[in-house]
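Structure at a glance
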Amino acid sequence: MTNTKQNNSNSEKERLDFIRQIVAEDLKTNKWDGRVVTRFPPEPNGYLHIGHAKSICLNFGIAAENTGGVCHLRFDDTNPTKEEQEYIDSIIEDVHWLGWDWSEHLYYASDYFEQMYEYAVQLIKKGKAYVCDLTAEQTREYRGTLTKPGKDSPYRDRSVEENLDLFERMKAGEFPDGSCTLRAKINMSHPNLNMRDPVMYRILHAAHHRTGDKWCIYPMYDWAHGLEDSIERITHSICTLEFENHRPLYDWFLDQLDAYHPQQREFARLNLTYTVMSKRKLLKLVQEGHVVGWDDPRMPTLSGLRRRGYSPQAIRNFCKRIGVNKFNSTVDIALLEHCLREDLNKTSPRVMAVLRPLKVVIDNYPEGQVEELEAINNPEDPSAGVRKVPFSGELYIEREDFMEEPPKKFYRLAPGREVRLRYAYFVTCTDVIKDESGDVVELHCTYDPATRGGDAPDGRKVKSTLHWVSAGHALEAEVRLYDHLFTKENPDDTTEGEDFKSNLNPNSLEVLTSCRVEPSLKNALPLSRYQFERLGYFCVDPDSSDGKLVFNRTVSLRDPWAKIQKARKKK
């Protein structure tokens, strides 16, 4: 585990979320012989997203906080038609990237297929399970509704001997897909629909990524889930709220088998504005080409967030900040971005980059002269030191930092106006060069040599400081500016006949191809994070090569969440 382990003291109990309170009480009463064993059990049918991060941090966090605590990473690989090794590899990478480790406790549901089968035979022998020949559609019809009880399958009263024979033949591959299932024999009039003789096994002639063609019957989630927890001797089986109605079934299976019985508890999943969390919907975005893969920086996947420039600590801080609740709610994505800015502000080296270059010629600067000016790497971290930045008579500034006819309160560069160049000198605009279309293509300025470092000996002040790069030394770069993938806070808020894709943001990506960055970035490694001064936080994209740097904008400098919180305090 990455966190220092410590016992939850009574003095901390008031600050614990309700799940941690349960764990603390269980330790106090020695319910599990002093053990804390949790698990994170993803299905390997897609990439992990920010919603999974909440569960990861909760399960691994609880284990890390308690002496001797352990969290298992378990792949719930019970559906071979949707699972791929690619997903398994990505999940392992993502959990490690977040800073968690499971040591030797890596497991697969498929490790237990034989034990699950034997458990199913036990239930058949007890008269608690039967082979049913109803089709999937008939099974749904017989199930009933919330207001109407179900009705018994005509195959419900088969003898134990017949069910054992049929189940063995199902396993042997005698029957085609969908021809029959093994169902639990509970109560077709139960008020909880999950208890109305749920399916335990279905026939699926499909090769499994680990067991190959050994099996052609596969366990359903509700049957497999509790058994996996039981076999691994989990103490606290922590699920999201949609599994609350499944808990009676979880308990029923383990009680009927007289097996080791963990405790299932449910918490609210993470919902985030401008974001979809459904793996099915995310897969559709990938398959239909709305994004360029699972790791597209606009995706809420952990691989996408990593590529965009998110730090693991920012995500962990966010998960801690939102807490663990019993009720569903939606979190403003501005809070996630606030946590991101907080972390990147502390850790990101500052550099200068110009996204939309406008050339500046300093007419009175000595021809051919180049100075090495000292620049601070990170004002939040004195140990980060300083770097040298080349300054010359030809520079680039941001196009938006100049206006020929500036309105009131525009304090940046304009004809006849003096501004400060960051770490360098005061300069005054003396001339504006335009092309045939009347567009500004070049500025001419003069500089005051006495203001080196950014201060005037005579005490005069300027109202604006601009970033810049030396034209002869800057490196060309591509910069990808990302915005929310959806235009609505709730992407599922659609008109009749449309789906969530109708709310895709056509302006979620803008690519700038002629940007300039300071030369210190020449050997910047993929996924390195920086603050481009005055512009935002950026990350080196893996598409970068020796001849071409590519940066992704992680997040802008402006923090709307901080403004919201400040406004609330004033009320």
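Counting of residues starts from 1 at the beginning of each chain's written sequence and follows it residue by residue. Where totals are concerned, whole chains, interfaces and linings use all residues; where local detail is concerned, this predicted model gives features only for residues with pLDDT of at least 70, and gives and counts side-chain atom pairs only at 80 or more. Where side-chain values are given, they derive from all heavy atoms of the structure, hydrogens and water being excluded.

1. Some remarks on the overall build of the chain
Counting its secondary structure elements, the chain contains 13 helices and 27 strands. With the principal axes as the frame, the chain shows a C-alpha extent of 100 × 55 × 50 Å. Three exposure classes are used, based on accessible area relative to the maximum for each residue type with a 1.4 Å probe and protein chains only: buried under 20%, partly exposed in between, and exposed over 50%. The buried share of the chain, reckoned over its 571 residues, is 53%. We call two residues in contact when some of their heavy atoms are within 4.5 Å. When contacts within the chain are restricted to residue pairs at least 6 apart in sequence, those whose partners lie at least 24 apart make up 71%. Each accessible area value is a Shrake-Rupley result obtained with a 1.4 Å probe; residue values ignore everything except the protein chains displayed when judging cover. Of the roughly 26,600 Å² of accessible surface on the chain, 46% is carried by carbon and sulfur atoms. What counts as a helix is a DSSP run of H or I of at least four residues, what counts as a strand is a run of E of at least two, and both are numbered from the N terminus.

2. As for the environment of Y112
Within the secondary structure, Y112 is located in the loop between strand 3 (106–108) and helix 4 (113–125). Overall, the relative accessible area of 6% leaves Y112 in the buried class. Here Y112 is in contact with Y107, E228, I231 and E232, once residues within four sequence places are set aside.

3. Points about the packing of aromatic side chains
Two rings from Phe, Tyr or Trp (for Trp, the six-membered ring) form a pair when their centres are within 6.5 Å of each other. A pair whose planes differ by under 30 degrees is stacked, one over 60 is edge-to-face, and the rest are tilted. A full pass over the atoms with the stated rule returns 22 aromatic pairs. For the ring pair F391 and Y425, a centre distance of 5.4 Å and an interplane angle of 55 degrees mean the geometry is tilted. With F391 in strand 16 (residues 386–391) and Y425 in the loop between strand 18 (418–421) and strand 19 (426–434), this pair connects stretches of sequence that are 34 residues apart. The same class applies to F391 and to Y425, which are both buried. Taken together through their ring pairs, the aromatic side chains of F113, Y117, F167, Y201, W215 and Y218 make up a single cluster. By definition, being over a ring means that NZ of Lys or CZ of Arg is both within 6 Å of the ring centre and within 35 degrees of the ring normal. One cation-aromatic arrangement involves K281 over F500; the distance from NZ or CZ to the ring centre is 5.4 Å.

4. Things to note about the nonpolar core
Buried Ala, Val, Leu, Ile, Met, Phe, Trp, Tyr and Cys residues form a nonpolar core when they are joined through side-chain atoms within 4.5 Å. Ranked by internal contacts, the top residues of the largest apolar core, which has 40 residues, are I50, I56, V95, I315 and F318. Residue contributions to this core peak at 7 residues, all from helix 2 (residues 50–65). Once you skip the residues sitting within four places of it in the chain, V95 turns out to touch F40, L48, I56, F60, W100 and W102. Membership of the second largest hydrophobic core comes to 39 residues, among which are Y112, A120, W252 and A259.

5. Description of the pattern of salt bridges
Any carboxyl oxygen of Asp or Glu within 4 Å of a side-chain nitrogen of Lys or Arg constitutes a salt bridge here. This model, assessed by the stated rule, comprises 46 salt bridges. Between R74 and D229 there is a salt bridge whose closest N-O contact spans 2.7 Å. Here D229 lies in helix 7 (residues 221–231) and R74 lies in strand 2 (residues 70–75), a separation of 155 residues in the sequence. The residue D458 makes a salt bridge to R460 at a minimum N-O spacing of 3.1 Å. A network of salt bridges, in which partner residues are shared, links D295, R307, E478, R480, D541, D543 and K548.

6. What about unusual backbone geometry?
You will see that R233, though not glycine, has its phi angle at about 55 degrees, which is positive. If you trace the backbone, R233 turns up in the loop between helix 7 and strand 8 (236–240). The class of R233 is partly exposed, set by a relative accessible area of 43%. For R534, which is not glycine, the phi dihedral falls at a positive 75 degrees. A relative accessible area of 37% places R534 in the partly exposed class.

7. Quick look at helix 1 (residues 18–29)
For helix 1, which comprises 12 residues, the first-to-last C-alpha distance of 17 Å matches the rise-based estimate of 16 Å (1.5 Å per residue) to within 8%. Within the span of helix 1, buried status applies to F18, I19, R20, I22, V23, A24 and D26. At its buried positions, helix 1 is contacted by helix 2, strand 8 and strand 9 (263–267). Whenever two N or O atoms come within 3.5 Å, that pair is a polar contact, provided that in protein one can donate a hydrogen and the other can accept it, and provided that, for residues adjacent in sequence, both atoms are side-chain atoms. Capping the start of helix 1, D17 holds a side-chain oxygen 3.0 Å from the backbone nitrogen of I19, two or three residues further along. One or two positions beyond helix 1, positive phi appears at N30, with a value near 60 degrees. One fewer than the residue count of a helix, multiplied by 1.5 Å, yields its expected span.

8. Digging into the sheet that holds strand 2
Strand order in the open sheet formed by 3 strands is 1-2-3, and the pairing between neighbours is parallel. Each of the sheet's edge strands pairs with one partner strand only, and the pair in question is strand 1 (37–40) and strand 3. With direction set aside, neighbouring strand axes in the sheet form an average angle of 35 degrees. Contacts from helix 3 (residues 85–97) reach strand 1, strand 2 and strand 3 within the one sheet, and its direction differs from that of strand 2 by about 160 degrees. If DSSP finds at least two bridges between two strands, the strands pair. All axes here are fitted lines through C-alpha atoms, helices being fitted over the stretch that makes contact, and every angle between N-to-C directions spans 0 to 180 degrees.

9. A short note on the sheet that holds strand 27 (residues 549–555)
An order of 12-25-26-27-23-24-13 is seen for the 7 strands of this open sheet, with the pairing classed as mixed. Pairing within the sheet leaves two strands with one partner each, and these edge strands are strand 12 (350–351) and strand 13 (353–354). Relative to strand 26 (residues 536–540), strand 25 (residues 529–532) runs antiparallel, the two being bridged by 4 bridges. From the neighbouring strand, Y530 faces strand 26, where its bridge partner is F538.

10. Topic: the packing of helix 2 against helix 11 (residues 312–322)
It is at 9 Å that the axes of helix 2 and helix 11 come closest, and there the two elements cross at 75 degrees. In terms of axis orientation, helix 2 runs roughly perpendicular to helix 11. The residues of helix 11 that touch helix 2, namely those facing I50, A53, K54 and C57, are I315, R316, F318, C319 and I322. Of the residues contributing to the contact of helix 2 with helix 11, the split by class is 7 nonpolar, no polar and 2 charged. With respect to orientation, any angle under 35 degrees is reported as roughly parallel, any angle over 145 as roughly antiparallel, any angle of 65 to 115 as roughly perpendicular, and every other angle as oblique. Gly counts as polar in this scheme, as do all residues outside two lists: the nonpolar Ala, Val, Leu, Ile, Met, Phe, Trp, Tyr, Cys and Pro, and the charged Asp, Glu, Lys and Arg.

11. Re helix 9 (residues 279–287)
All of the buried residues along helix 9 are K281, L282 and L285. For helix 9, the buried positions fall inside an angular range of 100 degrees around the axis, keeping them on one side. Counted as exposed and oriented over 90 degrees from the buried face of helix 9: R280 and Q287. Measuring from the side-chain oxygen of the N-cap residue of helix 9 to the backbone nitrogen of R280 gives 3.2 Å; that N-cap residue is S278. Along the arc lie the directions from the helix axis toward the C-beta atoms.

12. A closer look at the environment of L302
Positionally, L302 belongs in helix 10 (residues 302–308). Residues L302 and H49 lie 253 residues apart in sequence; the distance between their C-alpha atoms is 5.0 Å. Sequence-distant contacts of L302, that is, excluding residues within four places in its chain, are made with L48, H49, I50, A53, I56, D94, W97, L98 and I315.

13. Some details on the packing of helix 4 against helix 7
Helix 7 packs onto helix 4 with a crossing angle of 110 degrees between their chain directions and a minimal axis gap of 11 Å. The orientation of helix 4 with respect to helix 7, classified from their angle, is roughly perpendicular. Helix-helix and strand crossings are classified by hand; for helix 4 and helix 7 the assignment is right-handed. Facing Q115, M116, Y119, A120 and L123 of helix 4, the residues of helix 7 in contact are W223, A224, L227, E228 and I231. Handedness of a crossing is defined here by the sense of rotation of the near helix relative to the far one, left-handed for an anticlockwise turn of less than a right angle and right-handed for a clockwise turn.

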